[in-house]
Structure formats: C-alpha cells, structure tokens
Amino acid sequence: MTLDDRQAIDGLPPVHEAWLPREHSLHRPRHGGRQLTALISALVFFAAPTLMWLGGMRPSELENHELASFPSLWDGWGFLTGMDPWATENLVFRAGAIQTADWISRTFFGEPAPFDQGPTSQSGPLPGSPDQEGTTTEPDPNNPNNVPDAAGYRRVIEGRDGWLYLGEDVIAKCRPERPLAETMARLAELREIVESSGRRFILVAVPDKSTMVPEHLPDSYAGKDCAEEVTPQLWQQLSATARAVDMRAPLQAVAEELGRPPYFPLDSHWTSEGALELVRQVAERVEPGVTRSWEVVEREQRTANADLPPLIGREGINEAMTYRLAPDGENFRTIRPLADLRKPVRRVSEPQEGMVSRPTLLLGDSFSLPVSAYIPTAFADVTQLYYSTIDPDPALVARTVAENEVFVLEIVERNIARGDLRLLDRPFLDLVRQETQNRPIR
C-alpha cells in the first residue's frame, strides 16, 4: 500500500497530521519550534558535563558528598530519574553560580540566598553523621538545593560574629525519628548486652556546637523553642538511663583553658582539643589514673575546608592546632589521622606507661576522625570504625565488637536526638548479643 492508497476513516485524514499540507486545518508539525528548542536544551543540559570533562574541567563537591555518578542502564526507570542529579551536580561552573547568586541576594535584598532552607531528609547524611562514603556530608543528595519548606528550618543557621551552626542540631530535636525515651532504653539495652558478656561498654555523648557555644546563635530561628526544651531532657536521660560520659563539663574546662571553644566557627565539628579530651576521658574510665603521666605539646597549625559555608554558597577555612602526646611524659608520638573509617582499622603498638593495653573498639561518627590522630598513642591495641557501617554490613560491626574487650561508642548529640541509628534497631542488637555471648570475656 502506498501513501496515495490510504483511505480516510470516520472523516479523519488518511495520512499522519504531520504529512498534511501546512494550510490544512489539522496540520501539526512532527517537530515544532518549541519541541526543537526543548530538544536542544535537553541535549545541552545532559551533554555539558561530559563535554566539559573532556575539556579538562572538573566539578567540585559542594555539599560534602560524592558527586552523583552516571546512572546505569540496569536501573530501569532509575536511569532516567538519575540523569537530572548527575547533570546538575557535574556542572563545573555550579560553585561560581551559587556564590554569584548569594552575592546578588545579600547585596540587593539584604538577605542570604535560600540555598540552605527546605525540607530536611532526616534519614539523609548530614554533617556529624558518617554517610555511606564515610565522610561528613551533611546535605541530602536527593535534595541538594533545599527548596524552602513551610516550617522554615534552615540547614545552616547564621549566627553572630560570623559563626555558622548546622540546622540539624535543631531539626533532630524538633522532628525526631524515634521517641527520646525509646532511644535511651535501646542504648541501655545495648550496654546490658555488651556488659553481660564480660566486656566494658563506654558510651560517649558529644554535645552539638549549638549546645556548647550558644552565645553566637541568633536571637530567633525556626525550632529554637522546641530545641531548647528538648536539650536538658536529652542530657538528663543520657546520664540517668544511658549512663553516658557527658562531655559538656570536660569541654567547658578545655574552653576555659584555651580561652576559646573547642569547636570551629564555620564547621559542624570540634577541634583537635575536643578530640584529645575524648581520648583522655575514655582512658581514665578504662584505667583510672592512667593519664597522670601524660604530656601534650603543640605540633603545628593546619587548615582545611569548613563544611558549612558551601551549603550557603560560600567558602570557609578551618584553622586548627594539632598536638603530640607522650603517654609516659617523655616519648612524644605523632600519629597520622585516618581519612576513612568505613572498614575496621586496627592499630597496635608496644604498651608503655600511660597507655591502655586492653583491646579496644571505638565505634563512632565523623567526630571520631580527629580522634584517630591521638587514640593510638594512648591505647596499645585500638580499632576504629564508623557505626554507619552497620547499614551495609551489620555482621562485620557485630564481629568487631566481639573481637575487643572494651567497646567505646561515640555519638554526637544530634544523632542521639534524631534517634534513627541503625545500631539501635532490634536486628542489630540481637546480632551483637549473639556474637558477644559466643565469645564471652572471663
């Protein structure tokens, strides 16, 4: 059959509408001007990252998580939905565009651009929470632009004197995933499981920067009232129910000695002084009096990118002093800090005066990264691991707990308040019970 052989059906033309003469009332071009423009725009949007990469330009990681990778054809419909974040995050001029938008907003409208506002995915990785990459990230990779939400919560709270605070400090307390009482009961149960096998269990609660350095917070911000109400309840229950090491008083003493808080103004984490104080507190609880011989001296000043400014289209630097520790008071040791704790890292040395000799596991979040520079100097046999590793491999974490005599669990305040920790889920608690009871310490 040829085109001329086609017959009309029920009054419709015998050919496709795109084949009709232009003057025909039913003529519709197969590719109109708008369609062509949309097609060209889509090709430019998706091809730009590849062409720029071939030209030697590289995008930067703005939100402290790995840039979205090219989706796989095996993902089905996920291939199409994954194209958008891949193309968006891999634009090399994205950082400059964000900084320009922020400058325009502040210069002409007197307020920051709303990059940091919006619905916060409480299950997404955040600064202070180790994500799947074992780094601190802190924005939700599924919502990198943080579209404003009705509640007005900010991912970054801009304080006085240039200080920045992580909004999750507030959001976690106002929108918890698990009731606070249940979180504390699960922590107490984890303690009972570990100690019933003959092991030592030490829970260390690290306070948020907003708890330790509230004087730079603004007078008003979304969630202020509920966060201020929950904070004293949380710390009271941490002491009474979970029997945690409360780091607030030791850190306050450090701040008074330094003349400044042991937290970075532009970062969601603490400084080396805070990390070193955690090592001291834990060592004293394992072997009281062991730190009496310690000597600590300054080593060198170091700088690193701060994690909060990129979330609001800026840049910032952390400046920190690092230290050397002589557990015996004479032989100073320098240990390289670890960069990744997604898998167990064990470091063993010859025990000497001022060192804890019992095999110890420190299971922690991103606050334990700077700790890794000091704890091997004070513990002769120490293993470190992120508790986020429970997500891909709970059996590995449970076995690592059973391989040590002392189990130190470090958790930052906001993660306790949020309560969605996998280490408190029933399957993991049962797994730890099984592994530790199979290998009791007598």
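Given the structure is predicted, the values throughout are model-derived calculations rather than measurements. (Residues numbered from 1 in each chain as written. Predicted model: local features only at pLDDT ≥ 70, side-chain atom pairs only at ≥ 80, totals over all residues. Heavy atoms only, no water.)

K.L.:
Help me get a handle on the overall build of the protein chain, residues and values and all.
P.N.:
The helix and strand tally for the protein chain stands at 14 helices and ten strands. For the protein chain, contacts bridging at least 24 residues in sequence account for 71% of all contacts bridging at least 6. Summing over all exposed atoms, the protein chain offers an accessible surface of approximately 21600 Å²; the carbon and sulfur share of this is 53%. (Helix = DSSP H or I, 4+ residues; strand = E, 2+ residues; numbered from the N terminus. Contact = heavy atoms within 4.5 Å. Areas by Shrake-Rupley, 256 points an atom, 1.4 Å probe, with all protein chains shown as cover.)

K.L.:
Please set out the state of the cysteines residue by residue, giving values where relevant.
P.N.:
Two cysteines joined by a covalent bond between their sulfur atoms form a disulfide. Inspection of the entire model under this criterion finds one disulfide. The disulfide partner of C174 is C226, and the S-S distance across this bridge is 1.7 Å. Residues C174 and C226 are joined by a disulfide whose S-S torsion is about 80°; by sign, that bridge is right-handed. Of this pair, C174 sits in helix α4 (residues 168-174) while C226 sits in helix α7 (residues 224-240); the two residues are 52 residues apart in sequence, bridging distant segments of the chain. Exposure remark for C226: the relative accessible area of 25% places this residue in the partly exposed category. (Disulfide = S-S within 2.5 Å. Buried < 20%, exposed > 50% of the residue type's maximum accessible area, 1.4 Å probe, protein only.)

K.L.:
For the nonpolar core, give the residues involved together with the corresponding values.
P.N.:
Counting residues in hydrophobic clusters, the biggest one holds 44 residues, and the most contacted among them are W270 and F379. When contributions to this core are tallied by element, the ones reaching two or more residues are α4, β3 (200-206), α9 (272-286), β6 (317-326), α11 (375-378) and β10 (406-412). The dominant element in this core, judged by the number of residues it contributes, is α9, at seven residues. Within the second largest apolar cluster, 34 residues are counted, among which are M184, L190, W235 and I411. (Core = buried A, V, L, I, M, F, W, Y, C linked by side-chain atoms within 4.5 Å.)

K.L.:
Can you explain the packing of aromatic side chains? Please cite residues and give values.
P.N.:
Working definition: an aromatic ring pair is given by the centre-to-centre distance plus the angle between the planes. In total, this model carries three aromatic pairs according to the counting rule given. Seen in terms of ring centroids, F201 and F407 are 5.3 Å apart; in terms of plane orientation they differ by 65°. Their pairing is edge-to-face. Taken together, the positions of F201 in strand β3 and F407 in strand β10 put the pair 206 residues apart, joining distant regions of the chain. By relative accessible area, which is 4% here, F407 ends up buried. Positioned over the ring face of Y165 is K209, at 5.1 Å from the centre of the ring. (Phe/Tyr/Trp six-rings, centres within 6.5 Å; stacked < 30°, edge-to-face > 60°. Lys NZ or Arg CZ within 6 Å of the ring centre and 35° of its normal.)

K.L.:
Requested: an account of the sheet that holds strand β9 (residues 381-386), with residues and values cited.
P.N.:
Within the open sheet, the six strands sit side by side as β4-β3-β10-β8-β9-β7. Their pairing is mixed. If you trace the sheet from one side to the other, it starts and ends with β4 (245-246) and β7 (345-348), each paired once. Pairing of β7 with β9, which is carried by four bridges, proceeds in the antiparallel orientation. Of the residues in β9, the one forming a bridge with V348 is D381. Relative to the sheet, helix α5 (residues 180-195) contacts β3 and β10, its axis offset from that of β3 by approximately 150°. Relative to the sheet, α9 contacts β3, β4 and β10, its axis offset from that of β3 by approximately 155°. (Pairing = 2+ DSSP bridges. Axes fitted to C-alpha atoms, helices over the stretch in contact; angles between N-to-C directions.)

K.L.:
So what's going on with helix α8 (residues 248-258)? Residues and values would help.
P.N.:
Here α8 has its buried residues at P250, L251, V254 and A255. Seen along its axis, α8 keeps its buried residues to an arc of 140°; they face one direction. Counted as exposed and oriented over 90 degrees from the buried face of α8: A249, E256 and E257. Its buried side turned inward, α8 meets α6 (209-212), β4 and α9. G259 occupies a position one or two residues after α8 and carries a positive phi of about 85°. (Arc of directions from axis to C-beta.)

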